[in-house]
Amino acid sequence: MAGLDPDILTQYKQQLLDKRQTLLDLRATSRDASQTVELDQTSVGRLSRMDALQGQAMSKESERRREIEVQKINVALVRIESGAFGDCASCDEPIASKRLDFDPAASLCIDCASKADGSPG
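All of these numbers come straight from a predicted model, not from anything done at the bench. (Residues numbered from 1 in each chain as written. Predicted model: local features only at pLDDT ≥ 70, side-chain atom pairs only at ≥ 80, totals over all residues. Heavy atoms only, no water.)

**Describing the overall build of the protein**
Just so we agree on the cut-off: Numbering of helices and strands starts at the N terminus; helices are DSSP runs of H or I of at least 4 residues and strands are runs of E of at least 2. Classification of residues uses two cut-offs on accessible area relative to the type maximum, computed with a 1.4 Å probe and protein chains only: under 20% is buried, over 50% is exposed, and between them is partly exposed. We call two residues contacting when some pair of their heavy atoms lies within 4.5 Å. Accessible areas in this description were obtained via Shrake-Rupley with a 1.4 Å probe; residue shielding takes into account the shown protein chains only.
Helix and strand counts for the protein come out as four helices and zero strands. Counted from the first residue to the last, the protein has its helices and strands arranged as α-α-α-α. Here the protein, with 121 residues, has 26% of them falling under the buried criterion. Pairs at least 24 residues apart make up 53% of the contacts formed inside the protein by residues separated by at least 6 positions. For the protein, the computed accessible surface area is about 8300 Å², with 52% contributed by carbon and sulfur atoms.

In C-alpha cells form, the structure reads like this:
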C-alpha cells in the first residue's frame, strides 16, 4: 500500500461513495431520454424525430460512460478495502497524491496511464 494516512483514505472513500451515488441518481433520472423514439410521424415531424433520435443516442452514450465510471469507482472501493488503493495496478508504484486528488478512482500512475492511452511519454 502507498502508506496513505487513514484520514485521507477515509476522505477518498467518501468522495468515491458520493460520486457513485450522484452517478446512480443521474441514471435514474435520465432513463426517459433513452427510451425508444416513437415511429409515428403523424405526431412528430421528420426533423423533430431526427432530433429525438440524436438525443436518444447521446443519452445512451452518456449512460454508457456513467456505467464505466461507476465500475471504476467500485474497483477503487475494493482496492481501498484490500489495502491496494494508492498503488498503481500495473507497476505497483505509488500513484501521485495530486492524481488521486483529481480522480480518486485512478488505478494507474501517470506513466502507466500514458502508456495505456498510447500517449508519448
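**Regarding the pattern of salt bridges**
What counts, and what does not: Basic side-chain nitrogens of Lys or Arg form a salt bridge, by our definition, when they fall within 4 Å of a carboxyl oxygen of Asp or Glu.
Counted under the stated rule, the structure contains nine salt bridges. Residue Glu63 is joined to Arg27 by a salt bridge in which the shortest nitrogen-to-oxygen separation is 3.3 Å. Here Arg27 lies in helix H1 (residues 6-29) and Glu63 lies in helix H2 (residues 46-82), a separation of 36 residues in the sequence. Here Arg66 ties to Glu63 by a salt bridge, and the two come within 3.1 Å at their closest N and O atoms. A residue pair is termed a helical-turn pair when its members lie 3 or 4 positions apart in one helix, as Arg66 and Glu63 do in helix H2 at three residues. Residue Glu63 is classed as partly exposed on the basis of its relative accessible area, which comes to 24%. What emerges from the salt-bridge pattern is a single network uniting Lys19, Glu69, Lys72 and Asp103.

**With respect to the side chain of Arg66**
Arg66 gets classed as buried once you look at its relative accessible area, which sits at 13%. If we ignore the near neighbours within four places in the chain, the residues touching Arg66 are Leu23, Leu26, Arg27 and Ser30.

**A closer look at the nonpolar core**
Put simply, the test is: We call a set of buried residues a nonpolar core when its members are Ala, Val, Leu, Ile, Met, Phe, Trp, Tyr or Cys and they connect through side-chain atoms within 4.5 Å of each other.
In this structure, Leu16, Ile73, Ile80 and Phe85 are the most contacted members of the largest nonpolar core, which totals 16 residues. Breaking this core down by element, the ones donating at least two residues are H1 and H2. With five residues, the single largest contributor to this core is H2.

**Regarding the confidence of the model for the protein**
Where we set the bar: The predictor rates its confidence in each residue with pLDDT, a number between 0 and 100.
The predicted model of the protein has a mean per-residue pLDDT of 86, with 82% of residues at 70 or higher. The least confident element of the protein, judged by mean pLDDT, is H2 at 90; the most confident is helix H3 (residues 97-102) at 95.

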